[in-house]
Amino acid sequence: MKAIVVMFDSLNRKYLPAYGGAWAELANFKRLEQKTVTFDTCYGGSMPCMPARREMHTGRYNFLHRSWGPLEPFDDSVPEMLRNSGVHTHLVTDHVHYWEDGGATYHNRFSTFEFFRGQEGDPWKGEVADPDIPQTLSWRQGTLWRQDWINRKHLESVDKHPQTLTFDAGVEFIATNAKAKNWMLQIETFDPHEPFFSYDEHKARFPHQFNGPHFDWPDYRVVVENEETVEHARMEYAALLSMCDDSLGRVLDAMDEHDLWSDTMLIVCTDHGFLLGERNWWGKNVQPWYEENIHTPLFVWDPRAGKSGERRRSLVQTVDFGPTLLDYFGLPLTPDMQGRPLRDTVASDTPVRDAGLFGVYGGHVSVTDGRYVYMRCCEGANQPLEQYTLMPTHMAWRFAPAELAQASLHPPLPFTKGAPVLRLPGRAMGNPAAFGTLLFDLATDPDQTTPLNDAALERMMAEKLVTAMRANHAPASQFQRLGLPAEGPIGTEHLLIDKQWERVQDSHVQGARHDRATDYGPSVGVPLRHLLKEPAAKQAFTDAFGFDLDASTLNYVGHLNAWQLSVMNPAISVEMLSNFDRLMTLAQAE
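Thresholds applied
Residues numbered from 1 in each chain as written. Predicted model: local features only at pLDDT ≥ 70, side-chain atom pairs only at ≥ 80, totals over all residues. Heavy atoms only, no water. Helix = DSSP H or I, 4+ residues; strand = E, 2+ residues; numbered from the N terminus. Buried < 20%, exposed > 50% of the residue type's maximum accessible area, 1.4 Å probe, protein only. Lys, Arg positive; Asp, Glu negative; His and termini not counted. Charge placed at Lys NZ, Arg CZ, Asp CG, Glu CD. Salt bridge = Lys/Arg side-chain N within 4 Å of Asp/Glu carboxyl O. Pairing = 2+ DSSP bridges. Polar contact = N/O pair within 3.5 Å; in protein donor to acceptor, adjacent residues only side chain to side chain. Contact = heavy atoms within 4.5 Å. Core = buried A, V, L, I, M, F, W, Y, C linked by side-chain atoms within 4.5 Å. Axes fitted to C-alpha atoms, helices over the stretch in contact; angles between N-to-C directions. Expected span 1.5 Å × (residues − 1). Parallel < 35°, antiparallel > 145°, perpendicular 65-115°, else oblique. Left-handed = near helix turned anticlockwise from the far one by under 90°. Nonpolar A, V, L, I, M, F, W, Y, C, P; charged D, E, K, R; others polar. Phe/Tyr/Trp six-rings, centres within 6.5 Å; stacked < 30°, edge-to-face > 60°. Lys NZ or Arg CZ within 6 Å of the ring centre and 35° of its normal.

Brief notes about the overall build of the chain
Of the regular secondary structure elements, the chain holds 19 helices and 19 strands. Considering the chain as a whole, with its 590 residues, one finds that 59% of them fall into the buried category. Computed over 54 positive and 78 negative side-chain charges, the separation of the two mean positions in the chain equals 4 Å.

So this is what it looks like as structure tokens:
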């Protein structure tokens, strides 16, 4: 038995031919559709990048217990389970987060692995002198931005690009081991994640007029660019996607060449999508997990079923990928796994669940049954929020001593295999309360343009949500944060949409920002790292926005001014910004 997993990052399903993206000529994705079963109702779970990969290893949701982080000592790992049972597992990847503090325990679970450097500001090539950076529409600054421009100088041709090198290694592994048995290969590229860096041959496939500054790396924020610029960013994404299509074709060619279709499973998947101007938003994380980001493409070839060129409507999720591989190699699932093998779903569309949980730590906690999507938020302060971990690292840095000073030892959780864990206060990227609690009917509103206010539907979906949260052993603090019962039934007192309806309606025009920094007083246009040195400005900031910027956050966003911060942070309304402007005017008059 053999298996190949091809994983892309930030693959927006609506750009693929199988899901309606007919404008893009992606010959190999079309070919893939004919070779596999296409899933119409696949959803991510724990967001974004590394939490999704933790699901692939463990087969269970993790975003209710901690933020982005490594595999925990108590986590099951499917690649490691396969390795320990005699299946050689091999990872080839250019995904930079694997060699950061928050991802450093994943690749070690494979039998062997290969890394390729240079993606998205990867600390790869060392140059003391600053690189030449063109005029750009991106608001990015800092180490990551600077390093990416250094790296680009060393990626002067397609054959040197880390995506190409990743697929080179994957194809080499296939050729070397085609006649061997019992192996699993994961070919994982960071593309088409931003920045949308590709080459002239790819850009030529999507000709368009654009006369503005360089722009291939959108910030995670409201769109304030014009339509021409939005279209340009989409074409840059499409060009990189066409490069991914070329790489995918190499894997399909290798399977043809080595006659692997008879005994090799193929899974082609992603972790999440990316908003490219839809609803006037760029990116992910700062807004709810709308369809473009959470409803993902999935293609599966299972030689046991022999089904190809067919579609499946059953609701499946990222947590199912690992259990599917275990089942394929004849290994049992562990009791802690919430995902289910997709063998019968591939063969005959047999359902494996009636509801799927998804979200990001500290954000909306959401559930879908494949038709309705319910996104539950807090009422106000987004508290209490706690982390449960034995691996205290964030995405790219360690927990600070000040954070650890607040830790307490918590008794074992049902899935920690008898190990107590650290319990610490947590912090979210933003506050989902700005959007309110959202409910959509995808059957009548697939683009989620018309949120519903229907008490009976909300109650039905809230019941599915608490059932999923309880099955995941969500901490009591999550139920408290969301105003949901940890035990007992959902009552009318637990429904939020009608209470938050004004917020819900406002959030659907939230992306339509027509103001600019120049519409306010001069203080609104001053970089925050300079402005907030003044005590009066710090006080005005706290009074107007309801929070402070600590040193680590200010290091990240200090180059932005208050208007830019409001465009990036949904919790800061235009009214709050106007109040900040007023307070600063008063302070300067004193």
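Overview of the pattern of salt bridges
Between side chains of opposite charge, pairing is possible as soon as their charged atoms come close. With the rule as written, the count across this model stands at 40 salt bridges. Between Arg-427 and Asp-550 there is a salt bridge; the shortest N-O distance is 2.4 Å. With Arg-427 in the loop between β18 (421–425) and β19 (438–441) and Asp-550 in the loop between α16 (535–545) and α17 (551–557), the pair connects residues that are 123 residues apart, well separated along the chain. The class of Arg-427 is exposed, set by a relative accessible area of 54%. You can call Asp-550 partly exposed: its relative accessible area is 29%. Each member of the salt-bridge network shares a partner with another, and the members are Asp-9, Arg-53, Glu-188 and Asp-271.

Regarding the sheet that holds strand β13 (residues 356–360)
Spatial strand order, β3-β13-β14-β15-β19: five strands in an open sheet with mixed pairing. Since the sheet does not close on itself, it has two edges, and those belong to β3 (46–47) and β19, each with one partner. Across four bridges, the pairing between strand β15 (residues 372–376) and β19 is antiparallel. Bridging across to β19, Met-375 finds its partner in Leu-438.

A closer look at the side chain of Gln-163
Looking at where Gln-163 falls in the secondary structure, it is placed in helix α5 (residues 162–177). Residue Gln-163 is classed as buried on the basis of its relative accessible area, which comes to 0%. A distance of 2.6 Å separates a polar atom in the side chain of Gln-163 from a polar atom in the side chain of Ser-247. In this structure Gln-163 touches Asp-94, Gln-119, Thr-189, Asp-191, Leu-240, Met-243, Cys-244 and Ser-247, once residues within four positions along its chain are discounted.

Some words on the environment of Met-391
Within the secondary structure, Met-391 sits in the loop between β16 (386–389) and α11 (401–404). Between the C-alpha atom of Met-391 and that of Ser-247, which follows or precedes it by 144 residues, the distance is 35 Å.

Comments concerning the nonpolar core
Counting residues in each nonpolar core, the largest one holds 95 residues, and the members touching the most others are Ile-4, Phe-8, Phe-29, Leu-241, Leu-266, Trp-563 and Phe-580. Top contributing element to this core by residue count: helix α7 (residues 227–257), with 13 residues. Setting aside residues no more than four positions away along its own chain, Trp-563 makes contact with Trp-139, Val-224, Arg-513, Asp-515, Arg-516, Ala-517, Tyr-520, Val-524 and Leu-577. The next biggest cluster of nonpolar side chains, apart from the first, holds 33 residues, and it includes Phe-39, Met-184, Tyr-328 and Val-346.

Remarks on the sheet that holds strand β17 (residues 408–410)
The strand order across the open sheet formed by three strands is β16-β18-β17, and the pairing between neighbours is antiparallel. Each edge of the open sheet carries a strand with a single partner, namely β16 and β17. Direction aside, the axes of adjacent strands within the sheet are offset by 35 degrees on average. In terms of strand pairing, β16 meets β18 through four bridges, oriented antiparallel. Across the sheet, residue Tyr-388 finds its bridge partner in β18, namely Arg-423.

Quick notes on α5
Helix length check: α5, at 16 residues, gives a terminal C-alpha distance of 22 Å against a target of 22 Å (1.5 Å per residue), a fit within 8%. What α5 keeps buried is the set Pro-162, Gln-163, Thr-164, Thr-166, Phe-167, Ala-169, Gly-170, Phe-173 and Ile-174. Summarising the contacts, the buried residues of α5 are in contact with β1 (2–8), β4 (88–93), β5 (112–115), β6 (183–188) and α7.

Some points on the packing of helix α1 (residues 27–35) against α7
Where α1 contacts α7, the axes come no closer than 7 Å and their chain directions differ by 45 degrees. With respect to α7, the element α1 is oriented oblique. Once α1 is placed against α7, the crossing between them reads as left-handed. Where α1 approaches α7, its residues Ala-27, Asn-28, Phe-29, Arg-31, Leu-32 and Lys-35 are matched on the opposing element by Leu-241, Asp-245, Asp-246, Leu-248, Gly-249, Leu-252, Asp-253 and Asp-256. Here the residues of the contact of α1 with α7 sort into six nonpolar, two polar and six charged.

Details of the packing of aromatic side chains
Summed over the entire model, instances satisfying the criterion amount to 26 aromatic pairs. Seen in terms of ring centroids, Tyr-43 and Phe-358 are 6.0 Å apart; in terms of plane orientation they differ by 20 degrees. Their pairing is stacked. Here Phe-358 lies in strand β13 and Tyr-43 lies in strand β2 (residues 37–43), a separation of 315 residues in the sequence. Neither Tyr-43 nor Phe-358 differs from the other in exposure class; each is buried. Ring geometry for Phe-541 versus Phe-545: centroids 4.7 Å apart, planes at 90 degrees, classification edge-to-face. Taken together, the positions of Phe-541 and Phe-545, both in helix α16 and four residues apart, correspond to about one turn of that helix. On the basis of relative accessibility, which here comes to 6%, the residue Phe-545 falls in the buried class. Put simply, the rings of Tyr-15, Phe-196, Tyr-220, Tyr-237 and Phe-274 pair up and form one aromatic cluster. Directly above the ring of Phe-415 sits Arg-60, whose terminal nitrogen or CZ lies 4.3 Å from the centroid. One residue, Arg-311, lies across the ring of Tyr-19, its end atom 5.6 Å from the ring centre.

Fair warning: the whole summary comes from geometry, so function is off the table for now.
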